[in-house]
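Read off the chains here:
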Amino acid sequence: MPRNTRLSSASPMSRRLFLTTTGALSLGAALTACGGGDSGGSSGSAKPVSQADIDKAMKTPTELTFWTWVPNIAKEVALFEKRYPAIKVKVVNAGQGTPQYTKLRTALKAGSGAPDMVQIEYQAIPTFTITNSLLDLRPYGASALQDRFVDWTWGQVSGGNGEVWAIPQDTGPMGMLYRQDIFDKHGIEVPRTWDEFAAAARKLHKADPDVYLTNLAANQVAAWHGLLWQAGAEPYVTSGKSDITISVDDAVSQKLGAYWGGLAKEGVIGVEPDFTDSWYAALNRGKYATWITAAWGPVFLSGSAKATAGKWRAAPLPQWDAAKPSSGNWGGSTTAVIRSTKNPIAAAQFAQFLNSDPASAKMFTTEQFFFPATKSLLTDAEFVGDAPSFYGGQKVNQVFADVSSTVNPSFQWPPFLDQAATDWTETVGKSLAGKSDTVAALGTWQSRLTTYAKNQGFTVKGS
């Protein structure tokens, strides 16, 4: 993300830096095989490692390898090495998101070459726990950190038997950025509900056919899942080693499909691919009056749409039920420990320190511009009180900090994420781009995903 957590327009961010810093853009991860392995990893509560053993391990000369795509993370790693001088950490960029996961699976299958610790997005965790590849961090003291993190983030890293598979690092609670000047020009109030949003979309495009209220990218499966999350959907519910309920075509999903598919058919929203040259140009020239995005969006926008400085503001997502505020999450990642590590104590302590130590966690907000996962940073006066000029002096971080508290903690991801992403793009995404029947496309997505899961040996229940 951009170089300045205060969102200063004087600190632009390159697209390349954004793409290598956050996992927010990609939902898919190449999963070479779902069959085999233990979907739940260890069961029950493993025996805790004694403090004496931890102290001994942290004083024993050790080299750990950490795979991560985060730029300049050596600064945070240096804090750990200063605390534990006997431990040296080798930082390796093995690719961002999917490329890294592919290399990791290759190393795990070969039985050599895997790192001790790894950067992993929330949505990718189930694709590694199903192959029993991650270390349960409970015996190493991770459970004691739970209260430091936003509740829903802990739900994302926890297993069905109470395992702790990773430590949260950053998040992407979803909200809306909007052009105050365009809203004022056309007499549009900030929509509080999705019904108001749809009415505003029609009003704006009728008044100015060259402007759309928003763009829902037909290639953005991650955003779709975030919107499902906000709507209260439970598209994937796993239990045991091989049981899964797939509900991407249930009543909630169909409501979402009818809504967005309907707006696309009417031609009152855009559906062009995002994070492309044409999309950046569209933002700069005012083609879109809002961007449905996540907490990393404000910093990103201040570097990629500099021509619009001072014109944007932030607000929560419009609601399906205004009396029950809710949001979803789009993006963010964690630090996990690979089960095959020969130094589990030191590796586990690294994962915990990197993301919970106050100095290290805060550095992520000032060096990499991550939106925090810790409760203390989400109430930090300096962080939430920042009032960037790009947003007219609005305290944007406070807006998204408030949104974070409304994210549903029970949302689950499937253990075959890549297939879910591919099938969505070829069905639902295609229907948006072609302005065809999105509700029907949901049924096709459900059918394709169900067939895939059964072929991989899962017992599948439908919506």
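Since the model is a prediction, treat every value here as computed from it, not as a measurement.

A. Local environment of the packing of aromatic side chains. Enumeration according to the criterion identifies 40 aromatic pairs in this entry. An angle of 70 degrees between the planes, with centres 6.5 Å apart, marks the rings of Phe371 and Phe400 as edge-to-face. Residue Phe371 is located in strand E12 (residues 371–372), and its partner Phe400 is located in helix H17 (residues 396–404); the two are separated by 29 residues in the primary sequence. Here Phe371 falls in the buried class, since its relative accessible area comes to 3%. Among the aromatic residues, those joined into a ring-pair cluster are Phe275, Trp279, Tyr280, Trp291, Trp296, Phe300 and Trp330. Positioned above the aromatic ring of Trp320, the side-chain terminus of Lys255 is 4.6 Å from the ring centre.

B. Molecular detail of the environment of Phe370. Here Phe370 lies in the loop between helix H14 (358–367) and E12. As a C-alpha pair, Phe370 and Gln169 span 201 residues in sequence and 8.2 Å in three-dimensional space.

C. Region of the structure containing the sheet that holds strand E13 (residues 459–461). The strand order E7-E8-E13 describes an open sheet built from 3 strands, whose pairing is mixed. Two strands in the sheet have a free side with no partner beyond their single neighbour: strand E7 (236–239) and E13. The sheet shows a mean angle of 20 degrees between the axes of neighbouring strands, direction not considered. Pairing geometry for E7 and strand E8 (residues 243–246), over 4 bridges, is antiparallel. Residue pairing in the sheet places Ser239 in a bridge with Asp243 of E8. Against the sheet, helix H19 (residues 438–455) contacts E7, E8 and E13, and its axis sits at roughly 170 degrees relative to E8.

D. Just empty space enclosed by the protein, in detail. Within the structure shown, the criterion is met by 6 cavities of 30 Å³ or more. Considered as a void within the structure, the largest cavity measures approximately 100 Å³ in volume. Contributing elements (two or more residues each) for the lining of the largest cavity: helix H9 (221–231) and strand E9 (290–294). Across the lining of the largest cavity, the residue classes tally to 9 nonpolar, 2 polar and 1 charged.

E. How the structure looks around the sheet that holds strand E4 (residues 166–168). The 5 strands lie next to each other as E2-E1-E3-E11-E4, forming an open sheet whose pairing is mixed. The open sheet is flanked by strand E2 (87–92) and E4, the only strands paired with a single partner. Within the sheet, the average angular offset between the axes of one strand and its neighbour, ignoring direction, is 25 degrees. Here strand E1 (residues 62–67) runs beside strand E3 (residues 117–121); their pairing, made up of 2 bridges, is parallel.

F. Quick look at the pairing of strand E6 (residues 174–179). With 6 of its 6 residues buried, E6 lies for the most part within the structure. Neither face of E6 is exposed, since Met174, Met176 and Tyr178 on one face and Gly175, Leu177 and Arg179 on the opposite face are all buried. With 5 bridges connecting them, E6 and strand E10 (residues 312–316) associate as antiparallel partners. For Leu177, the partnering residue across the bridge sits in E10 and is Ala314.

G. The arrangement of the confidence of the model for the protein in detail. Looking at the protein as a whole, the pLDDT averages 91, with 90% of positions reaching at least 70. The model gives residues 1–44 a pLDDT under 50, and that stretch makes 146 contacts with residues more than four places away or in other chains.

H. Just the nonpolar core, in detail. In terms of nonpolar packing, the biggest core is built from 89 residues, with Trp224, Trp260, Leu301, Leu432 and Trp445 touching the most fellow members. At 7 residues, the largest contribution of residues to this core is made by H9. Not counting residues up to four positions away in its chain, the partners in contact with Trp445 are Trp224, His225, Tyr236, Val248, Ala420, Asp423, Trp424, Thr427 and Val428. In terms of nonpolar packing, the next biggest core, distinct from the first, is built from 50 residues, Ala57, Val89, Val157 and Ile167 among them.

I. Geometry of helix H18 (residues 417–434). For H18, built from 18 residues, the straight-helix expectation of 26 Å at 1.5 Å per residue is met to within 8% by its first-to-last C-alpha distance of 24 Å. Roughly 40 degrees is the biggest bend found in H18, and it falls at Thr425. Of all the positions in H18, only Leu417, Asp418, Gln419, Ala420, Ala421, Asp423, Trp424, Thr427, Val428, Gly429, Ser431 and Leu432 are classed as buried. On its buried face, H18 sits against helix H5 (125–129), H9, E7, helix H10 (251–266) and H19.

J. Expanded view of the packing of H10 against H19. Direction vectors running N to C along H10 and H19 enclose 140 degrees, while the axes themselves pass 8 Å from each other. Between H10 and H19, the angle is such that the two are oblique. In this structure, the crossing between H10 and H19 has a hand that is right-handed. In this structure, H10 contributes Ser253, Gln254, Gly257, Ala258 and Gly261 to the contact, and H19 contributes Thr438, Val439 and Leu442. The residue makeup of the contact of H10 with H19, split by class, is 3 nonpolar, 5 polar and no charged.

Cut-offs and rules
Residues numbered from 1 in each chain as written. Predicted model: local features only at pLDDT ≥ 70, side-chain atom pairs only at ≥ 80, totals over all residues. Heavy atoms only, no water. Phe/Tyr/Trp six-rings, centres within 6.5 Å; stacked < 30°, edge-to-face > 60°. Helix = DSSP H or I, 4+ residues; strand = E, 2+ residues; numbered from the N terminus. Buried < 20%, exposed > 50% of the residue type's maximum accessible area, 1.4 Å probe, protein only. Lys NZ or Arg CZ within 6 Å of the ring centre and 35° of its normal. Pairing = 2+ DSSP bridges. Axes fitted to C-alpha atoms, helices over the stretch in contact; angles between N-to-C directions. Contact = heavy atoms within 4.5 Å. 1 Å grid on protein atoms, 1.4 Å probe; cavity = no way out; pocket = protein on both sides within 12 Å on 5 of 7 lines; lining within 4 Å. Points joined across faces, edges and corners; volume = space filled by probe spheres on them. Nonpolar A, V, L, I, M, F, W, Y, C, P; charged D, E, K, R; others polar. pLDDT = per-residue confidence, 0-100. Core = buried A, V, L, I, M, F, W, Y, C linked by side-chain atoms within 4.5 Å. Expected span 1.5 Å × (residues − 1). Bend = angle between axes of the 7 residues up to and from the residue. Parallel < 35°, antiparallel > 145°, perpendicular 65-115°, else oblique. Left-handed = near helix turned anticlockwise from the far one by under 90°.

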